[in-house]
There are 2 protein chains.
Amino acid sequence: MTQAKDLTHLLSQEALSRNPSRLKSAFKYYSQEGMSFLGGGLPLPDYFPFDKIIAEVPTPGFANGIGAKITDADKTVIEINKRAHDNDPQDKHIELARSLQYGFTEGHTELVEFLKEHTRMIHNVPYKNWNLITSVGSTEGWESTLRTFVNRGDSILVEEYTFASALETAHAQGINTIPVPMDSEGLIPDALATVLDGWTGPKPKLLYTICTGQNPTGSSLSTERRHQIYEIAKKHDILIIEDEPYYFLQMETYTRDKALRESKKVHSHEEFVKAMVPSFISIDTEGRVIRLDSFSKVLAPGIRIGWIVGQDNLLERFTRYHEVSIQNPSGIAQSLTNGVLQKWGQPGYLDWLIGLRAEYTHKRDVAIDAMVENFPEEVVSYVAPVAGMFFAFNIDASKHPKFVELGSDPLKIELLIYEQAIKQGSLMIPGSWFKADGQSNPPQKHLVENPRTKTEFFFRGTYAAIPLDELKRGIEKFGKAIKIEFGLI
Amino acid sequence: MTQAKDLTHLLSQEALSRNPSRLKSAFKYYSQEGMSFLGGGLPLPDYFPFDKIIAEVPTPGFANGIGAKITDADKTVIEINKRAHDNDPQDKHIELARSLQYGFTEGHTELVEFLKEHTRMIHNVPYKNWNLITSVGSTEGWESTLRTFVNRGDSILVEEYTFASALETAHAQGINTIPVPMDSEGLIPDALATVLDGWTGPKPKLLYTICTGQNPTGSSLSTERRHQIYEIAKKHDILIIEDEPYYFLQMETYTRDKALRESKKVHSHEEFVKAMVPSFISIDTEGRVIRLDSFSKVLAPGIRIGWIVGQDNLLERFTRYHEVSIQNPSGIAQSLTNGVLQKWGQPGYLDWLIGLRAEYTHKRDVAIDAMVENFPEEVVSYVAPVAGMFFAFNIDASKHPKFVELGSDPLKIELLIYEQAIKQGSLMIPGSWFKADGQSNPPQKHLVENPRTKTEFFFRGTYAAIPLDELKRGIEKFGKAIKIEFGLI
């Protein structure tokens, strides 16, 4: 294994000007024998009111599914005391006297080591000096990525349709977001090459991609496309930022055949790990991928702990930023989340993720089944997602009776459908709301036409957030709205 | 009570360009009767592993002091369930199904309402439309304040000696930090007026001040100075950012008389509230104060919950920023901290703060007693702090035998003392390390000379972080170092 390439030339003005604190030079004396250290303003843990915290969580195996009500029989109790000597060393707890104190910007060692081991098992990063630090979630991970690499006025590359908040983060920082065309399988490598080969002026520093279970399109990049995109990134010396909240929400491919569904389920940890599409960081020989990871979709969003994986000398600049912004994720959240993970162990955590896969596969199947049954195939087309929380479906506006009358503008039909669906009692989000349009003052010359048909538009739905009967009803009502608008009923 | 003045002209380019998410327009249908909402990608709370969390904390009254070991007799147990219907409504808990979900960027209602009531009791903000939102601590509060008001290349005003990290935050953003002279009572209002009256070019947008128990000088602004500074801020249309982690670490004034010490203690909530110096926000008729508050010094730093108080239409811009950065403080931390505060109630929380005041007063007394006994008064002078975690003492370099020989540079003597003290086994931080020097490319014309003697320097010590016997020993050893260097032993 080799060292990562030196990519510090890609750092932003802001990241380059961050200095470590001078006070740090004094802290080397902190634990020196015989030293009375009156240097740092840390409160005494005696004054922390939390003496003990306890959490009740389900027990690995999760025999009745991860969403089952916890009973006394399958309950695991995590108990964390203020002082280390009151905790069982086997539990590898972060004692409250430490988690509630200042320090450990990168995250507490126990949690970071657990996540590193997990990362090794799943991604096996192919260079030596990779590292992992905590964030307060991938929203902040993305914000700090932009601060670390991009200057006001620079451009970045994004998927043609992408998470609106991610665009908003960039736009407020005065960054242009240049869309790269997608199809039903995600970002099109050739289109990325075309954008970059034809680029004039300062190159974009990075490509932002939600490569698995993409928001809003539900698409996932194939292994082949990932390799192609990585080669293009190398050629043009850009970073790839893989924002991967949905990575573990990968599923078996959709089938109508219920027996086949059953047979496709993964049963062992090995099968599960093998079933995962390779991440960008798993093929990153040069250290040009920054991976944004998070517990939000696998445990709970409100924990507000994420992590960033990348080469150590780039992550060091994130840490300098975190020192003067978030400092670190809440120590209470770290103690409890680490407590659960250590108790479950890596195998127990994989059990949980396998359980999650089963739940989302079933939800996706219910959603697609309902679409098959309720959407008129004359005008609606879609590819069933293989990851994430979202499904998208294309509607051919040209088949709408008023298409020409309304100026042959698919967005006018999109709006009609949106409003009709609300009237029918079903809400999904128009795809055009996610369109990356290059920001206020875009270098329009970098825009590349999407090769797809110009008369299609799409909607984003989710099977994540509502119970299955409500999901079915919602899709049925949406189907009715489409039929009404297209004069099919 | 009047409305705050419109101060939106002070917003930064970044803050002005933040847009609310278009998805929000869809969320108005979220709880509409009969609507199947397939719009938002929120995971089901069924999949949050935390079913119940419990914390053990001391019981108000805190008869044996806030640092006493908790016993079964004085233990309060906070228990928070996933589902609201499993919690006692009287407890005003934030149920886990909500705190572990996305949403509530401003902070959960229960916690925000508790903090608002607390703010009303202590600060009684004198205009109508003040508001309060959570942060992940005042480090982040300050970072987001700069992003909200200051552009790259702008200048801000800071205390001549100030928290090194606060300067670092500004410098990385390309902001010039112009020092305003201080004396032993903190920022000098006349000096502030001189800086601003003589200012040419774009005015600074804000003054950053740690006005109570200042870091590193330990000084606290008097009521009179606060009013003078507020008038200057009005005249020059600048904001005052009061960073107030130490506000509740105010103390009785130092006395050598041990009987008098006893008699000065506060005994009731009324006495306690009256003993507080008025904050800037308590005299802020125009809404030009942003107050950064935090649990870090009163409960524990690792909680990572702070709050920002100010006028609502300025705070709204912070919220837009938080939506695309931190989102909100950890829900686990919010549920537990709110759980404790609701259980204690406002009176119980005041009990805690009174207990904290007693602890820090005692620590301060021990430190100053030791300084009186060990520091040579021929060369050392100081004012005992009335707030905070820090004490500072001035040393007159001109009395050092090698002062002239070493070029009459007080910083050379400062370094000699620092190194000698380490040799003696005591570490405090040289004051020069905290000097605000205007940043890389400072508009030097704005610098105003400190009227104080040019041959003095100072050290910052803390009585917060170590046990009392170690504190005494550290001061004794530091005294010996001074005496050695000045040829007094």
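Residues numbered from 1 in each chain as written. Chains lettered and ligands numbered in written order. Predicted model: local features only at pLDDT ≥ 70, side-chain atom pairs only at ≥ 80, totals over all residues. Heavy atoms only, no water.

Keep this limit in mind: UniProt positions are given in the numbering used here, feature names are shortened, and annotations may be inferred rather than shown by experiment.
The name an unreviewed UniProt entry assigns to chain A is aromatic-amino-acid transaminase, from the organism Suhomyces tanzawaensis NRRL Y-17324. For chain A, the Catalytic activity (unreviewed entry) comment in UniProt is given as "an aromatic L-alpha-amino acid + 2-oxoglutarate = an aromatic oxo-acid + L-glutamate". Checking UniProt for chain A, the heading Subcellular location (unreviewed entry) contains the comment "Cytoplasm".

What about the overall build of chain A?
The line we're drawing: Only DSSP runs of H or I covering at least 4 residues are called helices, and only runs of E covering at least 2 are called strands; the numbering of each starts at the N terminus. The reference for a compact globule is 2.2 Å times residues^0.38; the radius of gyration itself is calculated from the C-alpha atoms. Residue burial is assigned from relative accessible area. The probe radius is 1.4 Å, only protein chains are included, and a residue is buried under 20% of its type maximum, exposed over 50%, and partly exposed in between. Contacts: residue pairs with any heavy atoms within 4.5 Å of one another. Each accessible area is a Shrake-Rupley estimate made with a 1.4 Å probe; only the visible protein chains count as cover when residues are assessed. Only four residue types enter the charge count, namely Lys and Arg as positive and Asp and Glu as negative; His and the chain termini do not. Working definition for charges: the position is that of NZ of Lys, CZ of Arg, CG of Asp or CD of Glu.
Scanning chain A from terminus to terminus reveals 14 helices and 17 strands. Its C-alpha atoms give chain A a radius of gyration of 24 Å, within 12% of the compact-globule value 23 Å for 489 residues. Counting only C-alpha atoms and orienting by the principal axes, one finds that chain A spans roughly 85 × 60 × 40 Å. Counting every position in chain A, which comprises 489 residues, the buried fraction comes to 65%. For chain A, restricting intrachain contacts to residue pairs at least 6 apart in sequence, the fraction spanning at least 24 positions comes to 76%. Working note: accessible area of chain A is about 17500 Å², and carbon and sulfur atoms make up 51% of it. Taken together, the 53 basic and 63 acidic charged side chains of chain A have centroids lying 2 Å from each other.

What about the relation of the copies chain A and chain B?
Each copy of the chain is related to the other by a rotation around an axis and a translation along that axis. Stated formally: Least-squares fitting of one copy onto the other uses the C-alpha atoms of those residues that reach a pLDDT of at least 70 in both copies.
With an RMSD of 0.0 Å, the operation that places chain A on chain B is a rotation of 180 degrees combined with a shift of 0.0 Å along the axis. Both copies are brought into coincidence by an operation consistent with a two-fold rotation axis. When C-alpha distances to the rotation axis are compared across chain A, the minimum falls at Ile54 of chain A, with a value of 2.4 Å. A shared interface surface links the copies, since 100% of the contact residues of chain A are contact residues in chain B too.

Observations regarding the packing of aromatic side chains
Note the threshold: For this analysis, a ring pair means two rings from Phe, Tyr or Trp (six-membered ring only for Trp) whose centres lie within 6.5 Å, classed as stacked if their planes differ by under 30 degrees, edge-to-face if by over 60, and tilted for the remaining angles. In this analysis the charged atom, NZ for Lys or CZ for Arg, is taken to sit over a ring once it is within 6 Å of the ring centre and within 35 degrees of the ring normal.
The tally for this structure, following the rule as stated, stands at 48 aromatic pairs over all chains. Pairing Tyr246 of chain A with Phe390 of chain A gives two aromatic rings, centres 5.9 Å apart and planes at 85 degrees, and the pair type is edge-to-face. Of this pair, Tyr246 of chain A sits in the loop between β10 (239–243) and α9 (258–264) while Phe390 of chain A is found in strand β14 (residues 390–396), placing the two residues 144 residues apart along the sequence. Here Tyr246 of chain A falls in the buried class, since its relative accessible area comes to 5%. Taken together, a centroid distance of 5.1 Å and an interplanar angle of 70 degrees make the contact between Phe459 of chain B and Phe478 of chain B edge-to-face. Taken together, the positions of Phe459 of chain B in strand β17 (residues 456–462) and Phe478 of chain B in helix α14 (residues 468–485) put the pair 19 residues apart, joining distant regions of the chain. The ring of Phe280 of chain A is capped by Arg226 of chain A, whose NZ or CZ atom sits 5.8 Å from the centre of that ring. The ring of Tyr161 of chain A is capped by Lys435 of chain A, whose NZ or CZ atom sits 5.1 Å from the centre of that ring.

Some thoughts on the packing of helix α13 (residues 410–424) of chain B against α14 of chain B
Residue and element names in this part refer to chain B. Formally: Lines fitted to C-alpha atoms define the axes here, with helix axes fitted over just the stretch in contact, and angles between the N-to-C directions of these axes take values from 0 to 180 degrees. Here is the rule for angles: anything less than 35 degrees is roughly parallel, anything more than 145 is roughly antiparallel, 65 through 115 is roughly perpendicular, and the remaining ranges are oblique. Crossings are assigned a handedness: left-handed for a near helix turned anticlockwise from the far helix by less than a right angle, right-handed for a clockwise turn. Put simply, Ala, Val, Leu, Ile, Met, Phe, Trp, Tyr, Cys and Pro go in the nonpolar bin, Asp, Glu, Lys and Arg in the charged bin, and everything else, Gly too, in the polar bin.
Interaxial distance between α13 and α14 falls to 8 Å at its minimum, and their mutual angle equals 130 degrees. Classified by the angle between their axes, α13 and α14 sit oblique to one another. Here α13 runs over α14; the crossing is right-handed. Contacts from Leu416, Ile417, Gln420, Ala421 and Gln424 of α13 reach α14 at Lys477, Phe478, Lys480, Ala481, Ile482, Ile484 and Glu485. Partitioning the contact of α13 with α14 into residue classes produces 7 nonpolar, 2 polar and 3 charged.

Observations concerning the environment of Ala275 of chain B
Residue and element names in this part refer to chain B. Along the chain, the position of Ala275 falls in helix α10 (residues 269–275). In the structure, Ala275 is positioned 142 residues away from Ile417 in sequence and 37 Å away in space, judged by C-alpha atoms. Residues within four places of Ala275 in sequence aside, it is in contact with Gln250, Val266 and Arg357.

Side note on the UniProt feature "domain: Aminotransferase class I/classII large" (unreviewed entry) in chain A
The sites that UniProt annotates as "domain: Aminotransferase class I/classII large" (unreviewed entry) are residues 84–406 of chain A. The span residues 84–406 of chain A shows a helical share of 41% and a strand share of 15%, and its end C-alpha atoms are spaced 70 Å apart.

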